[in-house]
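So the chains spell out like this:
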Amino acid sequence: YFYHATLAPLKPSTRYFYKCGSASSGFSPVYNFTTKPANGADGAVSFVWYGDMGVTNSQDTINAVSKLVADDEIDLVLHVGDLSYADDR
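This next bit is on the overall build of the protein chain. When you go through the protein chain residue by residue, the secondary structure sums to one helix and six strands. Tracing the protein chain from N to C terminus, the helices and strands come up as β-β-β-β-β-α-β. Out of the 89 residues in the protein chain, the part that is buried amounts to 9%. Here the contacts in the protein chain between residues at least 6 apart in sequence split such that 53% fall between residues at least 24 apart. Total accessible area computed for the protein chain in this model is approximately 7600 Å², and 57% of it derives from carbon and sulfur atoms.

Printed below as a string of structure tokens:
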């Protein structure tokens with residue numbers, strides 16, 4: 001399922017929390033994201049950009065990106081598509 005939502009207005013450098021689901025089907029764990037710094041503010045943003053996880057190596061990709069997120073080494077993950085074999089099937 002896909003759901004689209006617009007969040008506005010968001011403040012710079014602010015952590016927001018969210019969960020997905022419904023009362024009838026249950027909810028996900030609580031997740032969070034932090035908005036980018038204000039325009040002109042000092043500071044770099046680190047990110048991972050990838051796509052086409054492949055038929056045989058998707059778990060390696062998931063593990064590597066998950067470790068970067070858990071270690072707080074990146075600010076953003078951008079998956080650009082081709083999820084058709086992301087479960088190695």
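You can see Y16 is positioned in strand β1 (residues 15–18). Under the relative-accessibility criterion, Y16 is labelled partly exposed at 22%. Separated by 19 residues in sequence, Y16 and T35 have C-alpha atoms that sit 8.0 Å apart. Look past the residues within four positions of Y16 in its chain and what remains in contact with it is P9, L10, K11, Y31, N32, F33 and T35. Within polar-contact distance, the side chain of Y16 engages the backbone nitrogen of K11 at 2.9 Å.

Take unusual backbone geometry next. For the peptide bond that leads from A8 to P9, omega is -10 degrees, which places it in the cis range. Although it is not a glycine, D72 sits at a positive phi angle of roughly 55 degrees.

What the rule picks out here adds up to three aromatic pairs. On the numbers, 6.2 Å between centres and 50 degrees between planes, the contact of Y18 with F33 is tilted. Here Y18, found in strand β1, pairs with F33, found in strand β4 (residues 31–34); they are 15 residues apart in sequence, far enough to count as distant. Owing to a relative accessible area of 28%, F33 belongs among the partly exposed residues under this scheme. Among the aromatic residues, ring-to-ring pairing joins Y16, Y18, Y31 and F33 into one connected group.

A general feature of soluble globular proteins is that nonpolar side chains tend to end up buried together. Formed by V48, Y50, M53, V65 and I74, the largest nonpolar core amounts to five residues. Not counting the four nearest positions on each side in its chain, I74 is found in contact with S46, F47, V48, L68 and V69.

How each quantity is defined
- Residues numbered from 1 in each chain as written.
- Predicted model: local features only at pLDDT ≥ 70, side-chain atom pairs only at ≥ 80, totals over all residues.
- Heavy atoms only, no water.
- Helix = DSSP H or I, 4+ residues; strand = E, 2+ residues; numbered from the N terminus.
- Buried < 20%, exposed > 50% of the residue type's maximum accessible area, 1.4 Å probe, protein only.
- Contact = heavy atoms within 4.5 Å.
- Areas by Shrake-Rupley, 256 points an atom, 1.4 Å probe, with all protein chains shown as cover.
- Polar contact = N/O pair within 3.5 Å; in protein donor to acceptor, adjacent residues only side chain to side chain.
- Phe/Tyr/Trp six-rings, centres within 6.5 Å; stacked < 30°, edge-to-face > 60°.
- Core = buried A, V, L, I, M, F, W, Y, C linked by side-chain atoms within 4.5 Å.

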